[in-house]
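Chain by chain, the residues:
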Amino acid sequence: MTSVIGGYLRLSRPLNAFAAGLLTFVGTLITINFYGGFNLFSSSLVPIAASILATIFATAAGNSINDYFDSDIDRINSPTRPIPFGIISKNSALKFSILLFLLSILICLILPPFAIFIAMLNFVLLILYTPLFKGMPFVGNFVVSYLGGSTVLFGSVSMVGLEALQNQTLLVLFSLIILSTFSREIIKDIEDVDGDRTKTLKTLPLVIGTTPSLIISAISLLIAILISPLPFLNGTFGLFYLFAITIADSLMGFALFLSFTNPSKGQLYLKYGMFLATFSLIISGVL
């Protein structure tokens, strides 16, 4: 029983789901700072909690259904994942994913219409990602990157609807997450080249080669690093944000350099850098 529960937890990738929830929380904090401080926070506890929970459940559902579709590839790339290892059956993984999606949808119904629109769009993209978009070079990477960036956007629009798009800092962070995630997704594709080749997937490294893919990844990450100080420069966040984001940028830059010789370690360090950037955003939003 314990191993089965652990298998479902691994399917959901709780750390990734929790990180997505944190980014949604960042979106709410940015909105609180932009529109009214503590008064908005105290009057919006329900949409804040709902948006975070909906994000966590949807992300976990997307992770689970990705394992469902990727079970054959995982026998090569990740044989210890719950499905290829035999802990969870494919059918059980699908049912688990459907349950999580339904929970997320029910929670979203109390949010503003534009937040519901983003949620429904994301549900469609999560479901279609592996069977449709993953095998499309560049497109699949961008879909994952958008889904990551949309967490911040979703948190903000869950509180004030379309008005959230007036916040320039929110749009900068939305772009920052998309660009850094896009860079990491390309590196992950390079790491998974052997397994993807057996399924004849047309990922970017398989279509244009490893080195050109790394160059595209580097350009995307460098743009993200260049725009990352903007929330400090426009006065939204203070010196703590500048200090923390500088460390995060340095770590991500090192990760990219490492990826040219060791993609596995590179994408791992890039993930750490993105977590640090998320932490800096949360603390800066509270201060």
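One can find the structure itself at the top, above this paragraph.
In this text the structure is predicted, and so the values were computed from the model without any measurement.

Colleague: Kindly report on the side chain of Asn141, identifying the contributing residues and their values.
Modeller: Relative to the helices and strands, Asn141 is located in helix H9 (residues 139-160). Owing to a relative accessible area of 5%, Asn141 belongs among the buried residues under this scheme. Excluding its chain neighbours within four sequence positions, the residues that come into contact with Asn141 are Phe182, Glu185, Ile186, Asp189 and Leu204.

Colleague: Quick one: what's the story with the nonpolar core, residue by residue and with numbers?
Modeller: By size, the foremost hydrophobic cluster in this structure holds 58 residues, and its most contacted members are Ile30, Phe154, Leu173 and Tyr241. The dominant element in this core, judged by the number of residues it contributes, is H9, at ten residues. Other than its neighbours up to four places away in sequence, Tyr241 contacts Leu173, Leu176, Ser228, Pro231, Phe232, Ser280, Leu281 and Ser284. Ile186, Ile187, Ile190 and Leu221 belong to the second-largest nonpolar core, a separate cluster that totals 13 residues.

Colleague: I'd like a description of the packing of aromatic side chains, backed by residues and values.
Modeller: If you walk through the whole model with that rule in mind, you get nine aromatic pairs. Look at Tyr68 and Phe69: their rings are 5.1 Å apart centre to centre, the planes differ by 75°, and that puts the pair in the edge-to-face class. On the basis of relative accessible area, Phe69 is assigned to the partly exposed category, the value being 35%. For the ring pair Phe101 and Phe123, a centre distance of 5.6 Å and an interplane angle of 85° mean the geometry is edge-to-face. Taken as a pair, Phe101 in helix H7 (residues 90-108) and Phe123 in helix H8 (residues 113-133) lie far apart in primary sequence, 22 residues in all. A relative accessible area of 7% means that Phe101 is categorised as buried. Taken together, the ring pairs connect Phe254, Tyr269 and Tyr272 into an aromatic cluster.

Colleague: Mind laying out helix H13 (residues 210-227), listing which residues take part and the relevant values?
Modeller: Given a rise of 1.5 Å per residue, 18 residues ought to cover 26 Å, and the 26 Å separating the end C-alpha atoms of H13 matches this to within 8%. All of the buried residues along H13 are Ser213, Leu214, Ser217, Ala218, Ser220, Leu221, Ala224 and Ile227.

Colleague: So what's going on with the packing of H9 against helix H10 (residues 168-191)? Residues and values would help.
Modeller: To describe two helices that pack against each other, one gives the angle between their axes and the distance between the axes. One way to put it is that H9 packs onto H10 with a least axis distance of 7 Å and a crossing angle of 150°. With respect to their mutual orientation, H9 and H10 come out roughly antiparallel. As for how H9 packs across H10, the hand of that crossing is right-handed. Taking contact as the criterion, the partners of Asn141, Phe142, Val144, Ser145, Tyr146, Gly148, Gly149, Ser150, Val152, Leu153 and Ser156 in H9 are, on H10, Leu170, Phe174, Ile177, Ile178, Thr181, Phe182, Glu185, Ile186 and Asp189.

Colleague: Lay out H7 with the relevant residues and their values.
Modeller: Under the 1.5 Å per step criterion, the end-to-end length of H7 is 27 Å for 19 residues, consistent within 8% with the ideal 27 Å. Where H7 is concerned, the buried positions are Ala93, Phe96, Ser97, Leu100, Phe101, Ser104, Ile107 and Cys108. Projected onto a plane normal to the axis of H7, the buried residues spread over an arc of 135° and lie on a single side. Counted as exposed and oriented over 90 degrees from the buried face of H7: Lys95 and Leu106.

Colleague: Hey, could you go over a nonpolar patch on the surface for me, with residue numbers and the actual values?
Modeller: A contiguous nonpolar surface patch, about 430 Å² in accessible area, is contributed by Val124, Ile127, Leu128, Leu132, Met136 and Val139. When residues in the nonpolar patch are grouped by element, the largest group, four residues, is from H8. Among the secondary structure elements, Leu128 is positioned in helix H8.

Colleague: Can you explain the packing of H7 against H8? Please cite residues and give values.
Modeller: Relative to each other, H7 and H8 sit at 165°, their axes nearing to 10 Å. With respect to their mutual orientation, H7 and H8 come out roughly antiparallel. Pair H7 / H8 crosses with left-handed handedness. In contact with Phe101, Ser104, Ile105 and Cys108 of H7, H8 contributes Ile116, Ala119, Phe123, Leu126 and Ile127.

Colleague: I'd love a proper account of the pattern of salt bridges, names of residues and values included.
Modeller: Tallied over the entire structure, the rule returns three salt bridges. For Arg13, the salt bridge is made with Asp67, and the minimal N-O distance between the two is 2.9 Å. Placement of the pair is Arg13 in the loop between helix H1 (2-12) and helix H2 (14-35) and Asp67 in helix H4 (residues 45-69), with a sequence separation of 54 residues. On the basis of relative accessible area, Arg13 is assigned to the partly exposed category, the value being 22%. According to the relative accessible area criterion, Asp67 is buried, its value standing at 1%. Between Lys188 and Glu185 there is a salt bridge, with its nearest N and O atoms 3.5 Å apart. Taken together, the positions of Lys188 and Glu185, both in helix H10 and three residues apart, correspond to about one turn of that helix. Several salt bridges share partner residues, and in doing so they unite Arg13, Asp67 and Arg81 into one network.

Colleague: An account of the side chain of Asp70 is requested, with residue identities and associated values reported.
Modeller: Note that Asp70 resides in the loop between H4 and helix H5 (71-77). Look at Asp70 and you get buried, because its relative accessible area is 5%. In contact with Asp70, other than residues within four places in its own chain, are Thr130 and Lys134.

Procedures and definitions
Residues numbered from 1 in each chain as written. Predicted model: local features only at pLDDT ≥ 70, side-chain atom pairs only at ≥ 80, totals over all residues. Heavy atoms only, no water. Helix = DSSP H or I, 4+ residues; strand = E, 2+ residues; numbered from the N terminus. Buried < 20%, exposed > 50% of the residue type's maximum accessible area, 1.4 Å probe, protein only. Contact = heavy atoms within 4.5 Å. Core = buried A, V, L, I, M, F, W, Y, C linked by side-chain atoms within 4.5 Å. Phe/Tyr/Trp six-rings, centres within 6.5 Å; stacked < 30°, edge-to-face > 60°. Expected span 1.5 Å × (residues − 1). Axes fitted to C-alpha atoms, helices over the stretch in contact; angles between N-to-C directions. Parallel < 35°, antiparallel > 145°, perpendicular 65-115°, else oblique. Left-handed = near helix turned anticlockwise from the far one by under 90°. Arc of directions from axis to C-beta. Patch = residues over 30% accessible without salt bridge, like charges linked within 9 Å, V, L, I, M, F, W, Y side chains within 5 Å. Areas by Shrake-Rupley, 256 points an atom, 1.4 Å probe, with all protein chains shown as cover. Salt bridge = Lys/Arg side-chain N within 4 Å of Asp/Glu carboxyl O.

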